[in-house]
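Remarks on the overall topology
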Amino acid sequence: ASATDEGQASLPSSTANLVKSIVGSGVLSLPVGLAAFSSSRAALVPALALLSVAGTVSGYCFSMVARVCAATDSSSWGEAWSKSVGEKSSWVPPALIGLLTLSVSIQYTMVIGDSFSSIFSAWGLPALLASRTGAIAALTAFGTLPLSLLPSLSALSFTSALGVAGLLYTAAFMVLRMSSYGPGSALHAAVPPPLRPRFEGALAFSPKVFVLVSILASAFLCHFVAPNFYRELAPGAGAAPAKERKMRRFSLLTAGGFALSAALTAVVMAAGFLTFGGACDGFILNNYAPTDRLAQLARVAIGSQIVFTYPFIHVGLRDSAQALLASVFGKAPARVPTTFGIFALTTAIAISLTNLGLIAAVTGALVSTSIGYVLPSLMLGQTLARRVRAGGASRGDKLELLAARGITALGVALAGIGVWSCFV
C-alpha cells in the first residue's frame, strides 16, 4: 500500500507527537549560543528573529520530505532519496543519521553527568559518586546500559509524556527564576563566580552568531522522522483526492508543530539568557545554585527523562553501526557486543568533553544542517527538476526549484561557517 493509504493518526495527536520529537533537552544549550556572541540584553531581539527564521526554514524542509514521499510513493527516507536523487548515493542519509545519533548519545551522557553530579552532591553522597565522571559511570552501569540491552523498549513508552512534562516544568521554573539571581540575593551568592549573571557591553555583530545558528539547526531537527509522520497521518474526509487531503493536513501539522516548538524553545532561550547573560553555561541548568530546590527538581526531571529516553536513541545508533559494519565486513556483529562497544566509546568521549554547547554547535553545523536543510532540499530539487525537464512544471514549481537550490547552498554554507565560528 502507498503511504497515503496507511494513515490513521489524527491531526491533534500527530501535532503533539511532533512537538515531542522536536523539543528535547538540547534546547537547554541555546542560551549559551546567544551568550557566545553578546552579553547585552539587546541581543535577545536578533536571537529571537534568528530562531523564527530557523524554525520556518526547518518546518519548510520538513514538509519537503513528505512532499517527496508523496510524489514518489515512498514510505521511508531511504526510498524517497533513492527515487529522487539516486541509488548510488543511498548510503548518505543513513550515514548522516548514524553520526547524528552518535552525537546525541554523547550529548545525553554529558547531560546525565552534569545533572546527576549536582543532584548527588546536594544529597550528600560520596565525592567519587558526586563527581561528573562518577555520575556518568554510575548512571551508565545501572541505568542507560541495562535499559538499552532490553530486547523490547515497549515498556518505556511512558517516557514520551515524561519528557514533555519535564521540559514544561523546566521552562516554567526558568521563567519564575528570572528575577531571583540578581546581585545581593542568596541564590546569586550560592552560584560559583564564573557562572554568575554577567551583562556588559553594547550589541555588536560577531561571527560567533553562527554558533547560535548551528545550535538552532539542532534544536528543530526531526526531519528523519518526517516519512513516519506522513505515513501515519490520516487523510481526513473530503471530496478531494486522498493524497491531496493528506498533504494539506500535513502542512497544518507542520505549521502547528513547529510553531508550538518554536514558542517553547524561545521561552527557554530567553529565560536562560535574561537570567545569566554572558555567563550562560553550555547546559544552562549548571548556572543555577546548588541550593535552589526548584533547580534541583528540574535537574532530576531532565536527567531522568534522558535516562529513560536514551535507549530509543541508542537503537538508531546501534542499527546504523551494525549496517555499516555489515557493509564493510560482510556480517553484522550481534546486538549485545555492539551495544557494549558503543557504550564504551560514547562514555569515554562524554567523560573527556565538558562543553556541551560546543558539541551541540559542531553537530548542528555539520550534521543537523545537512539532515535538516541540505538533504530535504536536494530531494525536492531533484523531484522538481525532473518535472521541469518533462515539461509539466508550473511557474510555481520553477520558483520553488530555485528556492530549493538556494536552501541547499545555504545549508552547505552554514555548515562551513558554523564549524569555523565554533573555534575562532
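Everything numeric here is computed off the predicted structure, so don't read it as measured data.

How each quantity is defined
- Residues numbered from 1 in each chain as written.
- Predicted model: local features only at pLDDT ≥ 70, side-chain atom pairs only at ≥ 80, totals over all residues.
- Heavy atoms only, no water.
- Helix = DSSP H or I, 4+ residues; strand = E, 2+ residues; numbered from the N terminus.
- Rg over C-alpha atoms; globule rule 2.2 N^0.38 Å.
- Buried < 20%, exposed > 50% of the residue type's maximum accessible area, 1.4 Å probe, protein only.
- Contact = heavy atoms within 4.5 Å.
- Areas by Shrake-Rupley, 256 points an atom, 1.4 Å probe, with all protein chains shown as cover.
- Lys, Arg positive; Asp, Glu negative; His and termini not counted.
- Charge placed at Lys NZ, Arg CZ, Asp CG, Glu CD.
- Expected span 1.5 Å × (residues − 1).
- Bend = angle between axes of the 7 residues up to and from the residue.
- Disulfide = S-S within 2.5 Å.
- 1 Å grid on protein atoms, 1.4 Å probe; cavity = no way out; pocket = protein on both sides within 12 Å on 5 of 7 lines; lining within 4 Å.
- Points joined across faces, edges and corners; volume = space filled by probe spheres on them.
- Nonpolar A, V, L, I, M, F, W, Y, C, P; charged D, E, K, R; others polar.
- Core = buried A, V, L, I, M, F, W, Y, C linked by side-chain atoms within 4.5 Å.
- Phe/Tyr/Trp six-rings, centres within 6.5 Å; stacked < 30°, edge-to-face > 60°.
- Lys NZ or Arg CZ within 6 Å of the ring centre and 35° of its normal.
- Axes fitted to C-alpha atoms, helices over the stretch in contact; angles between N-to-C directions.
- Parallel < 35°, antiparallel > 145°, perpendicular 65-115°, else oblique.
- Left-handed = near helix turned anticlockwise from the far one by under 90°.
- Polar contact = N/O pair within 3.5 Å; in protein donor to acceptor, adjacent residues only side chain to side chain.
- Salt bridge = Lys/Arg side-chain N within 4 Å of Asp/Glu carboxyl O.
- pLDDT = per-residue confidence, 0-100.

1. Quick look at the overall build of the protein
Helix and strand content of the protein: 17 helices and zero strands. In terms of overall size, the protein behaves like a compact globule, its C-alpha atoms giving a radius of gyration of 22 Å where 424 residues would be expected to give roughly 22 Å. Here the protein holds 424 residues, and the buried ones make up 52% of them. Pairs at least 24 residues apart make up 80% of the contacts formed inside the protein by residues separated by at least 6 positions. Of the roughly 17,500 Å² of accessible surface on the protein, 68% is carried by carbon and sulfur atoms. Between the mean site of the 27 positive side-chain charges and the mean site of the 14 negative ones, the protein shows a separation of 3 Å.

2. Let's talk about helix H16 (residues 356-389)
In a regular helix each residue adds 1.5 Å, so 34 residues correspond to 50 Å; H16 covers 46 Å between its end C-alpha atoms and thus fits that length. Along its length, H16 shows its largest kink, about 50°, at Ser 370. Gly 391 sits one or two positions beyond H16 and adopts a positive phi of about 85°.

3. Quick word on the state of the cysteines
Per the stated rule, a full pass over the model turns up zero disulfides. The thiol of Cys 61 is unpaired, and the distance to the nearest cysteine sulfur, on Cys 222, comes to 11 Å. For Cys 61, a relative accessible area of 0% gives the class buried. You can see Cys 69 has no disulfide; the closest cysteine sulfur is in Cys 222, sitting 13 Å from it.

4. Digging into the layout of surface pockets
In this model, the second largest pocket occupies a volume close to 260 Å³. Along the wall of the second largest pocket there are 18 residues; nearest its centre are Val 32, Gly 282, Asn 355, Gly 357 and Leu 358. At four residues, the largest contribution of residues to the lining of the second largest pocket is made by H16. In the lining of the second largest pocket, the residues fall into nine nonpolar, five polar and four charged.

5. Some remarks on the nonpolar core
Soluble globular proteins tend to pack their nonpolar side chains together in the buried interior. Core analysis: the biggest nonpolar cluster contains 115 residues, and Leu 28, Phe 220, Phe 250 and Tyr 288 have the highest contact counts within it. When sequence neighbours within four positions are dropped, the list of residues in contact with Tyr 288 reads Phe 173, Met 174, Arg 177, Tyr 181, Val 191, Gly 272, Thr 275, Phe 276, Ala 295 and Arg 299.

6. Quick word on the packing of aromatic side chains
Counting across every chain of the model gives 14 aromatic pairs. An angle of 85° between the planes, with centres 5.4 Å apart, marks the rings of Tyr 181 and Tyr 288 as edge-to-face. Of the two residues, Tyr 181 is situated in the loop between helix H9 (159-176) and helix H10 (186-190) and Tyr 288 in the loop between helix H13 (242-276) and helix H14 (293-329); the sequence distance between them amounts to 107 residues. The same class applies to Tyr 181 as to Tyr 288, namely buried. For Tyr 288, a relative accessible area of 1% corresponds to the buried category. Site record: aromatic cluster; members linked through ring pairs are Phe 62, Phe 220, Phe 229, Tyr 230, Phe 250 and Phe 258. Taking the ring centre of Tyr 230 as reference, the NZ or CZ of Lys 246 above it sits at 4.8 Å.

7. Description of the packing of helix H11 (residues 209-219) against H16
For the pair H11 and H16, the least separation of the axes is 7 Å and the interaxial angle reads 60°. Classified by the angle between their axes, H11 and H16 sit oblique to one another. Pair H11 / H16 crosses with left-handed handedness. On H16, the residues touching Val 211, Ser 214, Ile 215, Ala 217 and Ser 218 of H11 are Gly 357, Ala 360, Ala 361, Thr 363, Gly 364, Ala 365, Ser 368, Thr 369 and Tyr 373. Considered class by class, the residues forming the contact of H11 with H16 number seven nonpolar, seven polar and no charged.

8. Some remarks on the side chain of Ser 84
Its place among the elements puts Ser 84 in helix H5 (residues 77-84). Within polar-contact distance, the side chain of Ser 84 engages the backbone oxygen of Ala 80 at 2.7 Å. Look past the residues within four positions of Ser 84 in its chain and what remains in contact with it is Val 68, Met 379, Gln 382, Thr 383 and Arg 386.

9. Some remarks on the side chain of Ser 58
Along the polypeptide, Ser 58 turns up in helix H4 (residues 44-72). On the basis of relative accessible area, Ser 58 is assigned to the buried category, the value being 0%. Only 2.8 Å separates the side chain of Ser 58 from the backbone oxygen of Ala 54, close enough to count as a polar contact. With near-sequence residues (within four places) excluded, Ser 58 lies in contact with Phe 220, His 223, Phe 258 and Tyr 373.

10. Brief notes about the pattern of salt bridges
The full count for this structure, using the stated rule, is eight salt bridges. Between Lys 243 and Asp 73 there is a salt bridge; the shortest N-O distance is 3.1 Å. Placement of Lys 243 in helix H13 and of Asp 73 in the loop between H4 and H5 is noted, with a sequence separation of 170 residues between them. With a relative accessible area of 43%, Asp 73 lands in the partly exposed category.

11. Section: helix H17 (residues 395-423)
Each turn of an α-helix holds 3.6 residues, which means side chains three or four residues apart point in the same direction. Over its 29 residues, H17 extends 43 Å from the first C-alpha to the last, a length consistent with the 42 Å expected when each residue adds 1.5 Å. What H17 keeps buried is the set Asp 397, Glu 400, Leu 401, Ala 404, Ile 407, Thr 408, Gly 411, Leu 414, Ala 415, Gly 418, Ser 421 and Cys 422. Check the buried side of H17 and you find it contacts H4, H11 and H16.

12. Let's talk about the confidence of the model for the protein
Considering every residue of the protein, the mean pLDDT works out to 88; 97% of them sit at 70 or more. Helix H1 (residues 3-6) is the least confidently modelled element of the protein, averaging 50 in pLDDT, while H10 averages 96, the highest of any element. The model gives residues 1-5 a pLDDT under 50, and that stretch makes twelve contacts with residues more than four places away or in other chains.

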